[in-house]
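Residues per chain, in single letters:
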Amino acid sequence: MKFKVIVVGAGISGLTAAYHLKNFGYDVEVLEALDAPGGRMRQVDLCGVRVNTGARMLFTYYKSVMELIHALNIEEEIEYIGMSDFVCQDRGQSYAISFAPDAGLLFNPALKLSTRLRLVNLLPDLLKARFATNPDDMTTSAYADNESMEEYFTRKVGADFVSKVANPLFRGARSWNANDVSPAFFLSTTAHMFGHKAFTFRQGIGYLNEVLASKLDVKYEVSVTRIERNLDNQGVTVHCLENGATTTRIADIIVCATEGAKIKDLVTSKSCEEEDFAGKIRYNSLGIVYHVLKNSPEHRLTFFTQNHSSPLAILESVPEKNNKPNLFCELAPETVKNVGEAGCQDTMDELIIEDSCAHYPALDKDLDYSVNQWIEHMLPVFYPGYIAHLDKFSVYQNSTPNSIYYCGDYMAQALVGGACDSGKRVAEQIRRHHGLAD
């Protein structure tokens, strides 16, 4: 007996699930609404500018990602990225910061002496997390999910550490404020950075997905509109829009590998457990403006604190290198919220142009044109208490044979490593629940 499995979504989680299921002997088809694989891990041409659709880098501590790279024999395509200090601007001062806590924080003039001395309080927690947590599975850090990251850092180190260091970094890298998420994310990632490197691929961030997709049956530009369980849980019907026509497909099992924000409306006849969990999932949005320049600038990267008057979280001047030179302007979370509410995603450049010129005076004469990029569902928000909901649903999915399974970043960790590991785990669950007969 050979089960028919349809995977909805050709991001890293769906492709990983499909790759393992195919190796297990299942008949697997992948449906993707886009024209190429990648989801939030690829590069696209946007009005002549090559832009990332989400992830900008990977880390070698992503165990499932590294296993795939080895299995696909593409290690030689890895391109390591140096992690350097950046400048952060607050009202009336600027100072250097970096992604990983290091000795430089002890000499950071933006922090009070008492705060710098209390940084040592983070070491026991980071040491515990190094051995107790899996950076690809947030349920392993559930013990740190009962308060916000703002509350945690304020209690452990000081309020100025939140406003001067933690908040600008997370606003820039994730479009989160420190009060949006629990410290479980910080502990389960930062603790594993020591001894590991950031990297991408020589052929672009989406190369891993492209190689995976080349080994699978992927149908592109097929938009799934509804996933519906058949009577008595005997298979699933997938309703699609394909080449302008409505079509249906029948499968024994569906792997739903879309953004978690979509499953509430996408999957009908949900179980009580699915319905409850779908209501707990939150995603943030992200707005980016690329001011394309006539001349190549020096590379600079500036973060802004929440107290700064700028509507941006990041301003980066990007020299010409296999792409048009540009100013990369990432909107602050508050600006993103205002844009979403006002529906002005197509005119974000007009909203920030005055501020961009203030920080890059040459923009008045050097601006060629501007490009707006809006990502509606950027990252799942691991707010305080979410891991308890995730853990409960994970136990349900792991222990209950079903016809619909879920994988993605919201099921594991708000990073590529978690999305990939989630796809691997869901394939193993299906094999355990629906083993193929010889």
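Our subject is the structure that appears above.
Keep in mind the model is a prediction, meaning the values are calculated, not measured.

What follows deals with the packing of aromatic side chains. Under the criterion given, the structure shown has 21 aromatic pairs. The interplanar angle of 75° and the centroid separation of 4.9 Å between the aromatic rings of Phe153 and Phe186 together place this pair among those described as edge-to-face. Of the two residues, Phe153 sits in helix α5 (residues 149–156) while Phe186 sits in helix α7 (residues 183–190), which places them 33 residues apart along the sequence. Taking relative accessible area as the criterion, Phe153 reaches 1% and is therefore assigned buried. You can call Phe186 buried: its relative accessible area is 5%.

With that settled, consider the pairing of strand β9 (residues 198–201). In the case of a regular strand, side chains alternate between the two sheet surfaces. The side-chain alternation of β9 yields two buried faces, one formed by Ala198 and Thr200 and the other by Phe199 and Phe201. With two bridges connecting them, strand β5 (residues 58–59) and β9 associate as antiparallel partners. What sits directly across from Leu58, in β9, is Phe199. Of the pairings in the sheet, the one linking strand β6 (residues 78–81) to β9 comprises four bridges and is antiparallel in character. Its bridge partner being in β9, Tyr80 is matched across the sheet by Phe199.

Here the focus is helix α2 (residues 63–71). For α2, the set of buried residues is Ser64, Val65, Leu68 and Ile69. End-on view of α2: buried residues confined to an arc of 140°, all on one side of the axis. Exposed residues on α2 whose side chains face more than 90 degrees from its buried face are Lys63 and His70. Buried residues in α2 make contact with α1 (12–24), β5, β6, β9, α8 (207–214) and α15 (416–433). Of the residues one or two after α2, Asn73 is the one with positive phi, at around 60°.

On to the sheet that holds β9, then. With antiparallel pairing, three strands are arranged side by side in an open sheet as β5-β9-β6. Lying at the two open borders of the sheet, with one neighbouring strand each, are β5 and β6. Its contacts with the sheet put α2 on β5, β6 and β9, and the angle it makes with β9 is roughly 40°.

A word on unusual backbone geometry. A positive phi angle, close to 60°, is found at Ser175, a residue other than glycine. Following the sequence through the fold, Ser175 ends up in the loop between α6 (159–174) and α7. For Ser175, a relative accessible area of 6% translates into the label buried.

At a closest axis distance of 9 Å, the pairing of helix α14 (residues 386–399) and α15 adopts a crossing angle of 40°. By the angle class used here, α14 and α15 are oblique. Together, Gln397, Asn398 and Ser399 of α14 and Val426, Gln429, Arg432 and His433 of α15 make up the contact between the two elements. Residue composition of the contact of α14 with α15, by class: one nonpolar, five polar and one charged.

Let us now look at the sheet that holds strand β19 (residues 326–331). Taken in spatial order, the seven strands of this open sheet run β8-β7-β17-β18-β19-β16-β20, and their pairing is mixed. With one partner strand each, in any of the chains shown, β8 (93–97) and β20 (367–380) form the two edges of the open sheet. In this sheet, neighbouring strand axes are inclined to one another by 20° on average, regardless of whether the strands run parallel or antiparallel. The strands touched by α6 within the sheet are β7 (86–90), β8, β16 (283–293), β17 (300–304), β18 (312–318), β19 and β20, with β17 carrying the most contacts at an inclination of about 115°.

If you look at the biggest cluster of nonpolar residues, it comprises 125 residues, and the most contacted ones within it are Leu208 and Ile227. The residues touching Ile227, leaving out its near neighbours within four places in the chain, are Val8, Val236, Thr237, Ile254, Cys256, Leu266, Val267, Thr268 and Ile404. Core analysis: the second largest hydrophobic core is formed by 15 residues, Leu293, Val336, Ile352 and Leu363 among them.

This part takes up the packing of α5 against α6. Between α5 and α6, the least distance of the axes is 8 Å, while the angle of their chain directions is 140°. Relative to α6, the element α5 lies oblique. Between α5 and α6 lies a crossing whose hand is right-handed. Residues Met149, Glu150, Phe153 and Thr154 of α5 touch α6, and the partners they reach there are Ala159, Phe161, Val162, Ala166 and Phe170. Among the residues making up the contact of α5 with α6, the classes are represented as seven nonpolar, one polar and one charged.

Calculation notes
- Each chain carries its own residue numbering, running from 1 in the written order of its sequence.
- Confidence filtering applies because this is a predicted model: local features only for residues at pLDDT of at least 70, side-chain atom pairs given and counted only at 80 or more, and all residues used for totals across whole chains, interfaces and linings.
- With hydrogens and water set aside, each side-chain value is computed from the structure's full complement of heavy atoms.
- A pair of Phe, Tyr and Trp rings is counted when the ring centres sit within 6.5 Å of each other, with Trp represented by its six-membered ring. The angle between the planes then sorts it: under 30 degrees is stacked, over 60 is edge-to-face, the rest tilted.
- Every helix listed is a DSSP run of H or I at least four residues long, and every strand listed is a run of E at least two residues long, numbered separately from the N terminus.
- Three exposure classes are used, based on accessible area relative to the maximum for each residue type with a 1.4 Å probe and protein chains only: buried under 20%, partly exposed in between, and exposed over 50%.
- Note: two strands are recorded as paired if DSSP finds a minimum of 2 bridges between them.
- The arc under discussion is defined with respect to the helix axis, by the directions toward the C-beta atoms.
- Contacts were defined at the residue level, with two residues in contact if any of their heavy atoms lie within 4.5 Å.
- Geometry is summarised by axes, namely lines fitted to C-alpha atoms with helices restricted to the contacting stretch, and by angles between N-to-C directions that run from 0 to 180 degrees.
- Working rule for angles: under 35 degrees goes down as roughly parallel, over 145 as roughly antiparallel, 65 to 115 as roughly perpendicular, anything else as oblique.
- Residue type decides the class: Asp, Glu, Lys and Arg count as charged, Ala, Val, Leu, Ile, Met, Phe, Trp, Tyr, Cys and Pro as nonpolar, and the leftover types, Gly among them, as polar.
- By nonpolar core we mean a set of buried residues, namely Ala, Val, Leu, Ile, Met, Phe, Trp, Tyr and Cys, connected to one another through side-chain atoms within 4.5 Å.
- What makes a crossing left-handed is the near helix being turned counterclockwise from the far one by less than a right angle; a clockwise turn instead makes it right-handed.

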